[in-house]
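Examination of the molecular architecture
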Amino acid sequence: MDRLKDKIAVITGGTSGIGLATARLFQAEGAHVVVAGRNRDALDRAASELGGEATAIQADVSRIEDVDRLMHAAGTTHGGIDVLFVNAGIAPFVAVEDVTEEHFDEVIGVNLKGAFFSVQRALPYLNEGASVILTSSVVNTMGLPMASVYSASKAAVRSLARSLSAALADRRIRVNVLSPGLIETPLLGKTGLPKEMLEGFTEQIVERAPVGRVGRPEEMASVALFLASDASSYVVGSEFTADGGLTQV
Ligand code: NAD
């Protein structure tokens with residue numbers, strides 16, 4: 001299983017959920033993985049699980065100086081970056097009337113500003129033919145009453161893949177989007193929704209999705225692997241939705 005043999009893969013939000021499952025898979029496929037996360041404990045746990053082959057770097061993607069430090073360290077240690085998985089994100093659910101300027105700035109700061117500058121600051125280190133994968137969400141085409149800012153941030157991320165693909169075409173850098181449905185990760189416990197509301201929301205999604213269950217992080221990792229590897233060499237600026245059919249059927 002050498003689909004990413006000797007590739008250097010940077011994964012933001014690589015300490016938990018979808019990012020960590022992807023780090024495990026990329027590593028199993030021969031990549032040298034650099035995981036970045038905000039939380040020191042989570043970073044240490046991820047580093048010890050992935051072992052000495054992986055590099056773990058603490059960085060807050062909403063802070064440009066952190067992103068600069070991350071990309072410089074990742075890009076200069078092993079000879080550039082071949083795969084950049086821009087995956088760090090937060091999803092606090094808040095009613096429209098209760099959205100504060102602070103909430104707005106935080107969600108946009110991590111999900112959109114963080115995504116844009118993760119790519120921009122990686123540019124000096126991205127190797128010719130690199131693959132960039134941006135994590136959006138199926139909410140980028142849905143209307144959820146409690147997720148207005150989150151959904152807007154993810155729609156913007158979807159848009160970025162198109163413009164960045166155009167901008168980076170001469171370097172043969174492909175930018176694509178992974179849009180997960182509802183996936184069982186620690187994120188679900190951090191929405192701020194009361195337990196019953198979260199359970200009701202999950203039930204609704206499970207009922208609507210033909211697959212009839214929530215997704216697993218490993219099921220997102222396998223889509224990310226396809227987008228990261230040469231198997232997707234003719235895929236540019238596209239969105240891959242992995243939601244058990246929720247938004248497609
Ligand atoms: P998670 O909470 O398990 O992981 C999120 C990761 O992002 C963590 O490693 C965390 O440290 C990191 N992170 C958060 N803020 C950060 C910051 N400011 N700087 C650096 N790192 C930061 O959640 P997950 O479900 O694995 O989410 C991964 C991505 O998938 C997110 O972008 C999320 O919006 C998206 N997504 C998740 C779901 C889902 O149902 N779980 C659905 C659609 C999209």
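Quick summary incoming for the structure in this document. Since the structure is predicted, the reported quantities are computational estimates derived from the model, not experimental observations.

With that settled, the discussion passes to the site of the ligand. Taken together, 29 residues surround the ligand, and among them Thr15, Ser16, Tyr150, Thr185 and Lys190 come closest. Between the ligand and the protein, one listed contact pairs an oxygen atom with a backbone N or O atom of Gly17 at 3.5 Å. Val61 places a main-chain nitrogen or oxygen 2.9 Å from a nitrogen atom of the ligand. Where the shell around the ligand is concerned, the elements lending two or more residues are α1 (17-28) and α5 (148-168). When the residues that make up the shell around the ligand are grouped by side-chain class, the tally is 13 nonpolar, twelve polar and four charged.

Before going further, it helps to spend a moment on the layout of surface pockets. Space inside the largest pocket adds up to approximately 910 Å³. Going through the elements one at a time, α1, β2 (32-37), α5 and α6 (195-208) are the ones with two or more residues in the lining of the largest pocket. A per-element tally of the lining of the largest pocket places α1 first, with three residues. For the lining of the largest pocket, the class distribution of residues is 25 nonpolar, 16 polar and four charged.

About the thresholds
- Residues numbered from 1 in each chain as written.
- Predicted model: local features only at pLDDT ≥ 70, side-chain atom pairs only at ≥ 80, totals over all residues.
- Heavy atoms only, no water.
- Near = heavy atom within 4 Å.
- Polar contact = N/O pair within 3.5 Å; in protein donor to acceptor, adjacent residues only side chain to side chain.
- Helix = DSSP H or I, 4+ residues; strand = E, 2+ residues; numbered from the N terminus.
- Nonpolar A, V, L, I, M, F, W, Y, C, P; charged D, E, K, R; others polar.
- 1 Å grid on protein atoms, 1.4 Å probe; cavity = no way out; pocket = protein on both sides within 12 Å on 5 of 7 lines; lining within 4 Å.
- Points joined across faces, edges and corners; volume = space filled by probe spheres on them.

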